[in-house]
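# Close look at the chain arrangement
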Amino acid sequence: MWDSHAKKKGATRLYRTYVCFIHYPVLELIGVMSMGTLEKLAVLADGAKYDVSCASSGVNKHNRDGIGNSKSFGICHTWSADGRCVSLLKILLTNYCIYNCNYCVNRNQNDIPRASFTPREVADLTIQFYRRNYIEGLFLSSGIERSPNHTMERIYQVLDILRHEYHFYGYIHVKVIPGADPALVNKTGLLADRMSINIEQPTEQSLKLLAPQKTLPVLFAPMNQIHHQMTQNASERKIFRHVQKFVPAGQSTQMIVGASKDSDLSIIKATETLYNRFQLKRVYYSAYVPVNEGPNLPALSTSPPLLREHRLYQADWLLRFYSFKADEIVNEQSPFLDTDFDPKISWALRNMQLFPLEINQASYEELLRIPGVGVTSAQRIIRQRRLGNISYNHLKKMGVVLKRAKYFITCQGCYYGGIPAESALVRQALTPVAKPVQLCLF
Ligand code: SF4
(Lines give C-alpha, C1' and ligand atoms only; values in the text may rest on other atoms or scores of the structure.)
Protein backbone atom coordinates (compact mmCIF):
# COMPACT_ATOMS: atom_id res chain seq x y z
CA MET A 1 0.00 0.00 0.00
CA TRP A 2 1.16 3.47 -0.68
CA ASP A 3 1.89 6.22 1.74
CA SER A 4 3.57 9.52 1.27
CA HIS A 5 7.01 9.77 2.75
CA ALA A 6 8.72 12.42 4.72
CA LYS A 7 10.99 12.50 7.70
CA LYS A 8 12.45 15.39 9.48
CA LYS A 9 15.80 15.58 11.16
CA GLY A 10 15.85 15.34 14.91
CA ALA A 11 12.80 13.13 15.33
CA THR A 12 12.66 10.95 18.41
CA ARG A 13 14.85 7.90 18.26
CA LEU A 14 12.01 5.45 17.93
CA TYR A 15 10.56 7.40 15.05
CA ARG A 16 13.83 7.59 13.29
CA THR A 17 14.61 4.98 10.81
CA TYR A 18 17.49 5.35 8.52
CA VAL A 19 17.93 4.41 4.99
CA CYS A 20 21.12 2.97 3.74
CA PHE A 21 21.72 2.35 0.19
CA ILE A 22 21.94 -0.24 -2.49
CA HIS A 23 25.07 0.43 -4.44
CA TYR A 24 24.08 -0.83 -7.84
CA PRO A 25 27.52 -1.04 -9.44
CA VAL A 26 28.68 -3.17 -6.53
CA LEU A 27 25.73 -5.48 -6.83
CA GLU A 28 26.18 -5.91 -10.52
CA LEU A 29 29.87 -6.55 -10.00
CA ILE A 30 29.28 -9.38 -7.62
CA GLY A 31 26.59 -10.80 -9.83
CA VAL A 32 23.83 -10.77 -7.26
CA MET A 33 21.10 -10.33 -9.80
CA SER A 34 20.35 -10.23 -13.46
CA MET A 35 19.74 -6.91 -15.16
CA GLY A 36 15.98 -7.66 -15.40
CA THR A 37 15.81 -8.21 -11.67
CA LEU A 38 17.90 -5.11 -11.10
CA GLU A 39 15.51 -2.98 -13.14
CA LYS A 40 12.52 -4.41 -11.29
CA LEU A 41 14.28 -3.75 -8.02
CA ALA A 42 14.85 -0.12 -9.00
CA VAL A 43 11.13 0.33 -9.79
CA LEU A 44 9.76 -1.61 -6.83
CA ALA A 45 12.19 -0.37 -4.20
CA ASP A 46 11.53 3.19 -5.38
CA GLY A 47 7.76 2.59 -5.10
CA ALA A 48 8.20 1.38 -1.51
CA LYS A 49 10.08 4.49 -0.36
CA TYR A 50 6.78 6.29 0.25
CA ASP A 51 5.82 3.83 2.93
CA VAL A 52 7.07 5.05 6.28
CA SER A 53 5.31 2.51 8.45
CA CYS A 54 8.65 0.86 8.95
CA ALA A 55 11.12 3.39 7.73
CA SER A 56 11.91 6.83 6.47
CA SER A 57 12.99 8.24 3.19
CA GLY A 58 16.66 8.75 2.60
CA VAL A 59 18.87 10.78 0.35
CA ASN A 60 20.05 10.55 -3.22
CA LYS A 61 23.77 11.09 -3.68
CA HIS A 62 25.62 11.11 -6.90
CA ASN A 63 29.37 11.20 -6.72
CA ARG A 64 31.02 10.89 -10.12
CA ASP A 65 34.57 10.82 -8.86
CA GLY A 66 34.53 8.41 -5.99
CA ILE A 67 32.60 5.94 -3.96
CA GLY A 68 29.39 6.78 -2.12
CA ASN A 69 26.71 6.86 -4.83
CA SER A 70 23.41 6.06 -3.25
CA LYS A 71 19.68 5.92 -3.82
CA SER A 72 17.04 6.90 -1.28
CA PHE A 73 15.38 3.52 -1.30
CA GLY A 74 16.25 -0.13 -0.95
CA ILE A 75 17.43 -0.93 2.54
CA CYS A 76 16.05 0.72 5.63
CA HIS A 77 16.66 0.32 9.32
CA THR A 78 14.01 -0.07 11.93
CA TRP A 79 13.85 -1.00 15.59
CA SER A 80 12.52 -4.40 16.52
CA ALA A 81 10.31 -4.99 19.56
CA ASP A 82 13.33 -5.86 21.73
CA GLY A 83 15.07 -2.58 20.86
CA ARG A 84 17.56 -3.95 18.30
CA CYS A 85 18.14 -1.98 15.15
CA VAL A 86 17.59 -4.22 12.13
CA SER A 87 18.17 -3.49 8.47
CA LEU A 88 15.38 -4.51 6.11
CA LEU A 89 15.08 -4.97 2.39
CA LYS A 90 12.14 -2.68 1.66
CA ILE A 91 10.31 -3.40 -1.58
CA LEU A 92 6.94 -3.72 -3.25
CA LEU A 93 5.88 -7.08 -4.63
CA THR A 94 4.23 -5.16 -7.45
CA ASN A 95 3.39 -1.56 -8.26
CA TYR A 96 0.49 -2.59 -10.51
CA CYS A 97 -2.70 -1.60 -8.76
CA ILE A 98 -6.36 -1.90 -9.60
CA TYR A 99 -7.21 0.90 -7.15
CA ASN A 100 -7.04 4.59 -7.81
CA CYS A 101 -6.23 6.30 -4.52
CA ASN A 102 -5.81 9.97 -5.42
CA TYR A 103 -2.69 10.51 -3.31
CA CYS A 104 -0.78 7.49 -4.56
CA VAL A 105 2.00 7.45 -7.12
CA ASN A 106 1.14 3.83 -7.98
CA ARG A 107 -2.55 4.48 -8.64
CA ASN A 108 -4.05 2.78 -11.64
CA GLN A 109 -4.45 5.89 -13.80
CA ASN A 110 -0.78 7.01 -13.49
CA ASP A 111 1.45 6.31 -16.44
CA ILE A 112 4.61 5.12 -14.65
CA PRO A 113 7.03 2.22 -15.17
CA ARG A 114 5.39 -0.90 -13.74
CA ALA A 115 6.90 -4.15 -12.56
CA SER A 116 6.08 -7.24 -10.54
CA PHE A 117 8.31 -9.68 -8.75
CA THR A 118 7.38 -13.32 -8.50
CA PRO A 119 7.27 -14.63 -4.93
CA ARG A 120 10.40 -16.67 -5.66
CA GLU A 121 12.28 -13.61 -6.91
CA VAL A 122 11.52 -11.72 -3.69
CA ALA A 123 12.52 -14.71 -1.57
CA ASP A 124 15.75 -15.22 -3.55
CA LEU A 125 16.64 -11.53 -3.34
CA THR A 126 16.05 -11.53 0.39
CA ILE A 127 18.27 -14.54 0.89
CA GLN A 128 21.01 -13.20 -1.39
CA PHE A 129 21.03 -9.88 0.44
CA TYR A 130 20.91 -11.64 3.79
CA ARG A 131 23.82 -13.92 2.94
CA ARG A 132 25.89 -10.90 1.97
CA ASN A 133 25.04 -9.34 5.30
CA TYR A 134 23.26 -6.34 3.75
CA ILE A 135 19.99 -6.97 5.57
CA GLU A 136 18.53 -8.83 8.50
CA GLY A 137 14.93 -8.88 7.35
CA LEU A 138 12.28 -7.95 4.85
CA PHE A 139 9.64 -5.23 4.62
CA LEU A 140 7.22 -6.25 1.90
CA SER A 141 4.42 -4.04 0.67
CA SER A 142 2.40 -4.22 -2.53
CA GLY A 143 -0.08 -2.63 -4.88
CA ILE A 144 -3.24 -4.62 -5.45
CA GLU A 145 -2.76 -6.67 -8.60
CA ARG A 146 -5.86 -8.39 -10.00
CA SER A 147 -7.59 -8.75 -6.60
CA PRO A 148 -6.87 -8.50 -2.86
CA ASN A 149 -6.86 -12.31 -2.58
CA HIS A 150 -4.47 -12.77 -5.51
CA THR A 151 -2.01 -10.27 -4.00
CA MET A 152 -2.30 -11.60 -0.46
CA GLU A 153 -1.75 -15.15 -1.70
CA ARG A 154 1.48 -14.05 -3.43
CA ILE A 155 2.66 -12.27 -0.29
CA TYR A 156 1.99 -15.50 1.61
CA GLN A 157 3.98 -17.46 -0.97
CA VAL A 158 7.02 -15.21 -0.40
CA LEU A 159 6.88 -15.95 3.31
CA ASP A 160 6.24 -19.63 2.72
CA ILE A 161 9.36 -19.96 0.56
CA LEU A 162 11.47 -17.94 2.99
CA ARG A 163 10.35 -19.70 6.14
CA HIS A 164 9.84 -23.27 4.91
CA GLU A 165 12.25 -23.64 2.01
CA TYR A 166 15.12 -21.38 3.05
CA HIS A 167 14.42 -21.73 6.78
CA PHE A 168 14.88 -17.97 7.12
CA TYR A 169 13.91 -16.84 10.61
CA GLY A 170 14.82 -13.16 10.27
CA TYR A 171 12.39 -10.29 10.81
CA ILE A 172 9.59 -9.97 8.25
CA HIS A 173 7.07 -7.14 8.12
CA VAL A 174 4.30 -7.48 5.54
CA LYS A 175 1.32 -5.43 4.47
CA VAL A 176 -2.11 -6.94 4.74
CA ILE A 177 -4.24 -6.28 1.70
CA PRO A 178 -7.65 -4.99 2.85
CA GLY A 179 -10.43 -7.16 1.52
CA ALA A 180 -8.30 -10.33 1.43
CA ASP A 181 -9.75 -13.58 2.74
CA PRO A 182 -9.27 -13.88 6.55
CA ALA A 183 -7.86 -17.40 6.04
CA LEU A 184 -5.05 -15.91 3.95
CA VAL A 185 -4.39 -13.25 6.56
CA ASN A 186 -4.28 -15.95 9.19
CA LYS A 187 -1.75 -18.20 7.45
CA THR A 188 0.43 -15.18 6.54
CA GLY A 189 0.29 -13.96 10.15
CA LEU A 190 1.70 -17.28 11.35
CA LEU A 191 4.84 -16.61 9.29
CA ALA A 192 5.25 -12.82 9.66
CA ASP A 193 6.72 -10.92 12.60
CA ARG A 194 4.74 -7.76 12.05
CA MET A 195 1.76 -6.91 9.87
CA SER A 196 0.33 -3.54 8.96
CA ILE A 197 -2.80 -2.25 7.29
CA ASN A 198 -2.52 1.39 6.33
CA ILE A 199 -5.61 3.35 7.22
CA GLU A 200 -4.22 6.30 5.20
CA GLN A 201 -7.03 8.74 6.11
CA PRO A 202 -8.56 9.29 9.56
CA THR A 203 -12.20 9.67 8.50
CA GLU A 204 -14.67 7.92 6.24
CA GLN A 205 -15.33 11.23 4.42
CA SER A 206 -11.69 11.71 3.42
CA LEU A 207 -11.46 8.09 2.32
CA LYS A 208 -14.53 8.58 0.17
CA LEU A 209 -13.00 11.67 -1.35
CA LEU A 210 -9.45 10.42 -1.88
CA ALA A 211 -9.62 6.62 -1.90
CA PRO A 212 -13.16 5.79 -3.01
CA GLN A 213 -12.48 2.05 -3.28
CA LYS A 214 -11.65 1.85 0.42
CA THR A 215 -13.86 2.14 3.49
CA LEU A 216 -13.00 2.17 7.17
CA PRO A 217 -14.94 -1.08 7.93
CA VAL A 218 -12.93 -2.89 5.23
CA LEU A 219 -9.67 -1.53 6.67
CA PHE A 220 -10.70 -2.29 10.25
CA ALA A 221 -11.76 -5.90 9.55
CA PRO A 222 -8.19 -7.35 9.21
CA MET A 223 -6.98 -5.15 12.09
CA ASN A 224 -9.69 -6.63 14.24
CA GLN A 225 -8.88 -10.15 13.09
CA ILE A 226 -5.18 -9.74 13.81
CA HIS A 227 -5.87 -8.23 17.21
CA HIS A 228 -8.19 -11.08 18.22
CA GLN A 229 -5.86 -13.75 16.93
CA MET A 230 -2.88 -12.20 18.70
CA THR A 231 -4.79 -12.17 22.00
CA GLN A 232 -5.95 -15.74 21.50
CA ASN A 233 -2.46 -16.85 20.49
CA ALA A 234 -0.94 -15.24 23.61
CA SER A 235 -3.33 -17.11 25.91
CA GLU A 236 -2.85 -20.40 24.05
CA ARG A 237 0.92 -20.06 24.32
CA LYS A 238 0.62 -19.75 28.10
CA ILE A 239 -0.82 -23.29 28.14
CA PHE A 240 0.90 -24.90 25.15
CA ARG A 241 4.39 -23.50 24.63
CA HIS A 242 4.82 -25.13 21.22
CA VAL A 243 1.89 -23.18 19.67
CA GLN A 244 3.15 -21.23 16.66
CA LYS A 245 3.40 -17.47 17.26
CA PHE A 246 0.98 -15.21 15.44
CA VAL A 247 2.37 -11.77 14.45
CA PRO A 248 4.68 -11.65 17.49
CA ALA A 249 5.86 -8.07 16.84
CA GLY A 250 2.29 -6.75 16.64
CA GLN A 251 0.56 -4.64 14.03
CA SER A 252 0.97 -1.04 12.93
CA THR A 253 -0.64 1.43 10.57
CA GLN A 254 0.00 4.75 8.92
CA MET A 255 -1.90 7.94 8.19
CA ILE A 256 -1.12 10.46 5.52
CA VAL A 257 -1.02 13.99 6.87
CA GLY A 258 -1.99 16.91 4.67
CA ALA A 259 -3.52 15.13 1.66
CA SER A 260 -7.02 15.85 2.97
CA LYS A 261 -8.34 18.76 5.02
CA ASP A 262 -8.61 16.66 8.18
CA SER A 263 -7.59 18.44 11.36
CA ASP A 264 -5.06 17.18 13.88
CA LEU A 265 -8.02 16.56 16.16
CA SER A 266 -9.45 14.01 13.68
CA ILE A 267 -6.05 12.38 13.27
CA ILE A 268 -5.32 12.15 16.99
CA LYS A 269 -8.83 10.90 17.78
CA ALA A 270 -8.49 8.23 15.09
CA THR A 271 -5.09 7.29 16.54
CA GLU A 272 -6.51 6.98 20.03
CA THR A 273 -9.31 4.75 18.75
CA LEU A 274 -6.81 2.53 16.93
CA TYR A 275 -4.61 2.13 20.01
CA ASN A 276 -7.58 1.39 22.26
CA ARG A 277 -9.53 -0.82 19.89
CA PHE A 278 -6.80 -2.86 18.21
CA GLN A 279 -3.83 -2.40 20.57
CA LEU A 280 -1.63 -1.31 17.69
CA LYS A 281 2.09 -1.18 18.33
CA ARG A 282 2.52 2.03 16.39
CA VAL A 283 0.67 4.57 14.30
CA TYR A 284 3.00 6.26 11.82
CA TYR A 285 2.33 9.65 10.28
CA SER A 286 3.48 10.53 6.85
CA ALA A 287 3.62 14.11 5.60
CA TYR A 288 1.98 14.09 2.19
CA VAL A 289 4.36 14.65 -0.69
CA PRO A 290 2.29 15.90 -3.65
CA VAL A 291 2.77 13.44 -6.50
CA ASN A 292 -0.57 13.76 -8.30
CA GLU A 293 -2.80 16.58 -9.43
CA GLY A 294 -6.46 16.60 -8.48
CA PRO A 295 -9.29 18.85 -7.32
CA ASN A 296 -9.24 17.31 -3.83
CA LEU A 297 -5.48 17.34 -3.40
CA PRO A 298 -3.02 20.06 -2.41
CA ALA A 299 -1.22 21.74 -5.33
CA LEU A 300 1.92 20.04 -6.61
CA SER A 301 4.00 22.97 -5.35
CA THR A 302 2.84 22.42 -1.74
CA SER A 303 5.64 21.47 0.64
CA PRO A 304 5.16 18.34 2.74
CA PRO A 305 3.88 19.41 6.20
CA LEU A 306 6.92 18.13 8.07
CA LEU A 307 6.48 20.21 11.21
CA ARG A 308 2.88 19.06 11.48
CA GLU A 309 4.01 15.46 11.11
CA HIS A 310 6.61 16.03 13.85
CA ARG A 311 4.02 17.51 16.23
CA LEU A 312 1.74 14.54 15.57
CA TYR A 313 4.51 12.16 16.55
CA GLN A 314 4.97 14.15 19.77
CA ALA A 315 1.22 13.97 20.43
CA ASP A 316 1.29 10.22 19.73
CA TRP A 317 4.05 9.90 22.32
CA LEU A 318 1.81 11.65 24.88
CA LEU A 319 -1.01 9.20 24.15
CA ARG A 320 1.20 6.15 24.49
CA PHE A 321 3.52 7.01 27.37
CA TYR A 322 2.07 9.98 29.26
CA SER A 323 -1.58 8.87 29.69
CA PHE A 324 -2.94 11.87 27.81
CA LYS A 325 -6.36 11.64 26.17
CA ALA A 326 -6.87 12.90 22.62
CA ASP A 327 -9.17 15.75 23.65
CA GLU A 328 -6.64 17.01 26.20
CA ILE A 329 -4.10 17.47 23.42
CA VAL A 330 -6.43 19.14 20.89
CA ASN A 331 -10.10 20.03 21.04
CA GLU A 332 -12.91 21.56 19.00
CA GLN A 333 -11.78 25.09 19.93
CA SER A 334 -8.19 24.48 18.78
CA PRO A 335 -8.29 21.49 16.40
CA PHE A 336 -4.69 21.92 15.16
CA LEU A 337 -1.53 21.39 17.17
CA ASP A 338 0.43 24.49 18.07
CA THR A 339 3.37 24.77 15.71
CA ASP A 340 5.36 26.95 18.13
CA PHE A 341 5.37 24.53 21.05
CA ASP A 342 5.32 20.81 21.54
CA PRO A 343 1.88 19.47 22.55
CA LYS A 344 2.84 18.98 26.18
CA ILE A 345 3.89 22.62 26.65
CA SER A 346 0.74 23.74 24.80
CA TRP A 347 -1.39 21.68 27.16
CA ALA A 348 0.43 23.07 30.22
CA LEU A 349 0.02 26.66 28.99
CA ARG A 350 -3.73 26.09 28.60
CA ASN A 351 -3.90 24.65 32.11
CA MET A 352 -1.69 26.96 34.15
CA GLN A 353 -4.16 26.75 37.06
CA LEU A 354 -2.70 23.26 37.76
CA PHE A 355 0.82 24.64 38.17
CA PRO A 356 3.29 25.11 39.76
CA LEU A 357 3.55 21.56 41.15
CA GLU A 358 5.76 20.75 44.10
CA ILE A 359 8.35 18.25 42.91
CA ASN A 360 8.58 16.60 46.35
CA GLN A 361 4.84 15.94 46.58
CA ALA A 362 3.44 15.53 43.06
CA SER A 363 2.23 12.05 42.09
CA TYR A 364 3.94 10.15 39.25
CA GLU A 365 1.04 10.99 36.93
CA GLU A 366 1.34 14.69 37.79
CA LEU A 367 5.11 14.66 37.28
CA LEU A 368 4.58 13.27 33.77
CA ARG A 369 2.46 16.33 32.93
CA ILE A 370 5.27 18.81 33.69
CA PRO A 371 7.00 20.08 30.53
CA GLY A 372 10.67 19.10 30.71
CA VAL A 373 10.00 15.98 32.82
CA GLY A 374 10.07 12.71 30.89
CA VAL A 375 9.21 9.15 31.89
CA THR A 376 12.76 8.37 33.04
CA SER A 377 13.20 11.57 35.05
CA ALA A 378 9.76 11.14 36.66
CA GLN A 379 10.73 7.60 37.73
CA ARG A 380 14.05 8.89 39.10
CA ILE A 381 12.27 11.60 41.09
CA ILE A 382 9.90 9.05 42.63
CA ARG A 383 12.82 6.75 43.52
CA GLN A 384 14.94 9.55 44.94
CA ARG A 385 12.09 10.91 47.05
CA ARG A 386 12.08 7.68 49.07
CA LEU A 387 15.57 8.62 50.28
CA GLY A 388 14.93 12.28 51.02
CA ASN A 389 13.80 15.64 49.68
CA ILE A 390 14.97 16.67 46.23
CA SER A 391 16.63 20.05 45.75
CA TYR A 392 16.45 22.16 42.59
CA ASN A 393 20.10 21.36 41.82
CA HIS A 394 19.35 17.64 41.87
CA LEU A 395 16.79 17.93 39.12
CA LYS A 396 19.21 18.57 36.29
CA LYS A 397 21.20 15.46 37.23
CA MET A 398 17.96 13.48 37.05
CA GLY A 399 17.44 14.51 33.45
CA VAL A 400 14.84 17.25 33.98
CA VAL A 401 15.04 20.00 31.34
CA LEU A 402 14.98 22.95 33.70
CA LYS A 403 14.72 25.67 31.08
CA ARG A 404 11.19 24.38 30.45
CA ALA A 405 10.27 22.82 33.79
CA LYS A 406 11.23 25.83 35.99
CA TYR A 407 7.99 27.70 35.12
CA PHE A 408 5.82 24.76 36.17
CA ILE A 409 7.38 23.54 39.42
CA THR A 410 8.35 24.46 42.91
CA CYS A 411 11.13 22.66 44.72
CA GLN A 412 11.06 22.56 48.52
CA GLY A 413 8.48 25.34 48.29
CA CYS A 414 10.61 27.69 46.13
CA TYR A 415 9.68 28.81 42.61
CA TYR A 416 12.62 29.35 40.25
CA GLY A 417 10.81 30.62 37.13
CA GLY A 418 11.78 34.25 37.70
CA ILE A 419 8.44 35.47 36.27
CA PRO A 420 4.88 34.99 37.53
CA ALA A 421 3.53 31.55 36.53
CA GLU A 422 0.92 33.03 34.16
CA SER A 423 0.13 31.59 30.76
CA ALA A 424 0.91 34.69 28.66
CA LEU A 425 4.20 35.41 30.42
CA VAL A 426 5.40 31.82 30.37
CA ARG A 427 4.41 31.51 26.70
CA GLN A 428 6.50 34.57 25.94
CA ALA A 429 9.46 33.26 27.96
CA LEU A 430 9.35 29.89 26.21
CA THR A 431 8.98 31.27 22.68
CA PRO A 432 12.24 30.58 20.86
CA VAL A 433 14.16 33.74 20.05
CA ALA A 434 14.63 34.22 16.32
CA LYS A 435 18.31 33.94 15.44
CA PRO A 436 19.79 37.26 14.24
CA VAL A 437 20.63 37.27 10.54
CA GLN A 438 24.34 37.61 9.84
CA LEU A 439 24.88 40.84 7.92
CA CYS A 440 27.14 40.76 4.91
CA LEU A 441 29.90 43.35 4.79
CA PHE A 442 30.10 43.30 1.03
S1 SF4 B 1 -4.35 0.50 -3.01
FE2 SF4 B 1 -4.27 2.73 -3.25
S3 SF4 B 1 -2.53 3.33 -1.94
FE4 SF4 B 1 -2.34 1.11 -2.27
S5 SF4 B 1 -1.00 0.96 -4.06
FE6 SF4 B 1 -3.10 0.92 -4.82
S7 SF4 B 1 -3.55 3.03 -5.35
FE8 SF4 B 1 -1.76 3.04 -4.03
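As a reminder, the structure under discussion sits directly above these lines.
Residues numbered from 1 in each chain as written. Predicted model: local features only at pLDDT ≥ 70, side-chain atom pairs only at ≥ 80, totals over all residues.

Turning next to the nonpolar core. Counting residues in hydrophobic clusters, the biggest one holds 98 residues, and the most contacted among them are I91, L140 and L159. Three or more residues apiece are contributed to this core by two domains, here domain 1 (13-323) and domain 2 (343-430). Excluding residues within four positions of it along the chain, L159 makes contact with I172, V174, T188, L191 and A192. (Core = buried A, V, L, I, M, F, W, Y, C linked by C-beta atoms within 7 Å. Buried ≥ 20, exposed ≤ 12 C-beta atoms within 10 Å, placed from the backbone. Domains from an automatic or database assignment. Contact = placed C-beta atoms within 7 Å.)

Contact geometry for helix α3 (residues 119-131) and helix α4 (residues 148-165): axes closest at 8 Å, N-to-C directions at 40 degrees. Judged on the interaxial angle alone, α4 and α3 are oblique. In the crossing of α3 with α4, the sense of the turn from one axis to the other is right-handed. The segment α3 lies against α4, with P119, R120, V122, A123 and T126 engaging R154, Q157, V158, I161 and L162. Partitioned by chemical class, the residues of the contact of α3 with α4 number 6 nonpolar, 2 polar and 2 charged. (Axes fitted to C-alpha atoms, helices over the stretch in contact; angles between N-to-C directions. Helix = DSSP H or I, 4+ residues; strand = E, 2+ residues; numbered from the N terminus. Parallel < 35°, antiparallel > 145°, perpendicular 65-115°, else oblique. Left-handed = near helix turned anticlockwise from the far one by under 90°. Nonpolar A, V, L, I, M, F, W, Y, C, P; charged D, E, K, R; others polar.)

Most of helix α11 (residues 343-350) sits inside the fold, with 7 of its 8 residues counted as buried. When α11 is considered as a whole, its buried residues turn out to be P343, K344, I345, S346, W347, A348 and L349. Check the buried side of α11 and you find it contacts α9 (306-321), α10 (326-329), α15 (402-405) and α16 (423-430).

In spatial order, the strands read β9-β10-β11; together these 3 strands make up an open sheet with mixed pairing. Edge strands, defined here as strands with exactly one partner in the open sheet, are β9 (357-358) and β11 (414-415). For strand β10 (residues 409-411) and β11, the ladder comprises 2 bridges, and the chain directions are antiparallel. Within β11, the position partnered with T410 by the bridge is Y415. (Pairing = 2+ DSSP bridges.)

This brings us to unusual backbone geometry. Residue P356 is bonded to the preceding F355 through a cis peptide linkage, with omega at 0 degrees. Structurally, P356 is set in the loop between α11 and β9. The phi dihedral of Q412 falls on the positive side, at around 50 degrees, and the residue is not glycine.

Let's shift gears to the pairing of strand β8 (residues 282-287). Across the 6 residues that make up β8, a large majority, 5, are buried. Inspection of the sheet shows strand β7 (residues 251-257) paired to β8 by 6 bridges, in the parallel sense. In the sheet register, S252 faces β8, and the bridge partner there is R282. Between the parallel elements β7 and β8, the chain passes through helix α8 (residues 264-278) in a crossover that is right-handed. (Right-handed = clockwise from strand over helix to strand, strands pointing away.)

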